[in-house]
Amino acid sequence: MPISSVRSFSDADEYCSSFRDFQYELTVIDGGDFAAEHVRVDLHEVRLQRYCSNLPWVAHTAIIKGRAVFALRAEPGPSLLRAGEEMQTTNIERLANGQTIYTRSSGTVSWGTISLPVDALAAIGAAVGYDLKPPLDVVTETPPPAMMARLRRLHAAAAHLAREAPEIIANPEAARGLEYELVQALVACLKPAKDEEDAVAKRHHALVMRRFHAAVTASGDRPVYVSDLCSAIGVSDRTLQISCREHLGMGPQRYLLWRRMQHVRRALALADPKSATVTEIATAHGFWELGRFAGAYRSLYGESPSATLARAPDHVRSQHYSTVPPTFSQTAYSDRLPSATVSDRRIGRPK
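Keep in mind it's a predicted model, so treat the numbers as computed, not measured.

### So, the overall build of the protein chain
- The secondary structure content of the protein chain amounts to 13 helices and twelve strands.
- Here the protein chain holds 351 residues, and the buried ones make up 45% of them.
- If you take every contact in the protein chain between residues at least 6 apart in sequence, the share linking residues at least 24 apart comes to 75%.
- Only carbon and sulfur atoms are counted for the fraction: they give 52% of the accessible area of the protein chain, which is about 17,500 Å².

### Quick word on the environment of Glu-37
- Among the secondary structure elements, Glu-37 is positioned in strand 3 (residues 36-42).
- Spatially, the C-alpha atom of Glu-37 lies 5.9 Å from that of Tyr-51, the residues being 14 residues apart in sequence.
- Once residues within four sequence positions are removed from consideration, Glu-37 is found in contact with Val-6, Arg-7, Ser-8, Tyr-15, Arg-50, Tyr-51, Cys-52 and Arg-163.
- Engagement of the side chain of Glu-37 in a polar contact is seen with the side chain of Arg-163, the distance being 2.6 Å.

### Some points on the sheet that holds strand 8 (residues 85-86)
- Read from one edge of the open sheet, five strands run 2-5-10-7-8, paired in antiparallel fashion. Every other strand in the sheet has two partners, leaving strand 2 (22-28) and strand 8 as the edge strands with one partner each.
- When strand 5 (residues 57-63) meets strand 10 (residues 100-105), the two strands line up antiparallel, connected through six bridges. Opposite Ala-59, over in strand 10, you have Thr-103 as the bridge partner.

### Side note on helix 3 (residues 145-164)
- Counted at 1.5 Å a residue, the expected span for helix 3 with its 20 residues is 28 Å, and the 28 Å between its end C-alpha atoms agrees.
- For helix 3, the complete set of buried residues consists of Met-148, Leu-151, Leu-154, His-155, Ala-158, Ala-159 and Ala-162. Projected down its long axis, helix 3 carries its buried residues within an arc of 130 degrees, all on one side. Summarising the geometry of helix 3, the exposed residues directed more than 90 degrees from the buried face are Pro-145, Ala-146, Arg-153 and Glu-164.

### Focus: the sheet that holds strand 1 (residues 3-9)
- Strands sit in the order 1-3-4-11-6-9-12 across an open sheet of seven strands; the sheet is antiparallel. Either end of the sheet is taken by a strand with one partner, and the two such strands are strand 1 and strand 12 (139-141). Within the sheet, the average angular offset between the axes of one strand and its neighbour, ignoring direction, is 20 degrees.

### Observations concerning the pattern of salt bridges
- Under the defined criterion, the tally for this structure stands at 13 salt bridges.
- Residues Arg-20 and Asp-42 are paired through a salt bridge, measuring 2.8 Å at the closest nitrogen-oxygen approach. In this pair, Arg-20 is assigned in the loop between helix 1 (12-17) and strand 2 and Asp-42 in strand 3, connecting sequence segments 22 residues apart.
- Put simply, Arg-94 and Glu-141 hold a salt bridge, and the shortest N to O gap is 3.4 Å. With Arg-94 in strand 9 (residues 92-95) and Glu-141 in strand 12, this pair connects stretches of sequence that are 47 residues apart.
- Look at the salt bridges and you will find they share partners, linking Arg-20, Arg-40 and Asp-42 into a network.

### Observations concerning the packing of aromatic side chains
- In the structure shown here, the tally under the stated rule is 16 aromatic pairs.
- Plain terms: the ring middles of Phe-212 and Tyr-255 are 6.1 Å apart, the flat faces sit at 55 degrees to each other, and that makes the pair tilted. One end of the pair, Phe-212, is in helix 6 (residues 194-219); the other, Tyr-255, is in helix 9 (residues 252-270), and 43 residues separate them in sequence.
- Chaining the aromatic ring pairs together yields one cluster made of Phe-9, Tyr-15, Phe-19, Phe-22, Tyr-24, Phe-34, Tyr-51, Trp-57 and Trp-111.
- In this arrangement the basic side chain of Arg-82 is found over the ring face of Trp-111, its NZ or CZ atom lying 4.7 Å from the centre.

About the criteria used
Residues numbered from 1 in each chain as written. Predicted model: local features only at pLDDT ≥ 70, side-chain atom pairs only at ≥ 80, totals over all residues. Heavy atoms only, no water. Helix = DSSP H or I, 4+ residues; strand = E, 2+ residues; numbered from the N terminus. Buried < 20%, exposed > 50% of the residue type's maximum accessible area, 1.4 Å probe, protein only. Contact = heavy atoms within 4.5 Å. Areas by Shrake-Rupley, 256 points an atom, 1.4 Å probe, with all protein chains shown as cover. Polar contact = N/O pair within 3.5 Å; in protein donor to acceptor, adjacent residues only side chain to side chain. Pairing = 2+ DSSP bridges. Expected span 1.5 Å × (residues − 1). Arc of directions from axis to C-beta. Axes fitted to C-alpha atoms, helices over the stretch in contact; angles between N-to-C directions. Salt bridge = Lys/Arg side-chain N within 4 Å of Asp/Glu carboxyl O. Phe/Tyr/Trp six-rings, centres within 6.5 Å; stacked < 30°, edge-to-face > 60°. Lys NZ or Arg CZ within 6 Å of the ring centre and 35° of its normal.

Just geometry here; none of it tells us what the structure is for.
Spelled out as structure tokens, the structure:
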């Protein structure tokens, strides 16, 4: 059941005992009469709190396990340091599960927290496509200004309702709507920057390509299928396509067709022309349309497959063929390659 409260305190210990989501031990470090206010808003899964106190203090904080806690500066004011870093109105802090940290204020400060169950946040992260699990240490995020401003406005609005219209917070449907808006604003603030996303994607693609190389090497000269290759690597077809285009400049089918053409060229050159045939060698490498294969082969190597086979192995020229012969551009090569004849997209057959 959604609930809210607004309480005022003149005793620091009583003030700390009202906190949720962490244990707080506060030591006031200046003279004067202590005064503080604690606003608490419990929605369905989200907890929101807002804290304001008038005297400088140092606090030792122990974050409880099981909830993901985020801290923000509610209002600008005197210095407020958490774990040695200044809390700014432009930042949001991701606190670590079970972590203990020190916080220090230099005067009248106002700050707040938002929390929700770790499992619930992880599910949201899986839905939006980025990791929202609590960090191992305090992490300070600097969201786009508009996103951070929206989150701070919603946080302030919830505190205002707790003071002026608590019956709205107590309404389950109204609380659900407010919770939805708060979660959306929070997640928008936590979205990784594009350069971070790009770096993560590049590392993942590099791993995909290492697995791709291992799978291709293990297949030898045997034709393999896209679905089999994706299963061996553990990625989707789309991820494999993106990774190959990023690293190879072409899709996996195109690359492997170049590779098979090189292998068939080598096999023809090393075969005994008295016992081997072009048909036998070509089909062993997955080329079934022999007429189109012969045309593509001639375009690439300047001679027919039978001419390569006709030379005895002792007279094979010592020549290393690159994966993509330099005399053919990607466009020219595409015009000369045999087209696919199977619908299940065998690796090495162009789309």
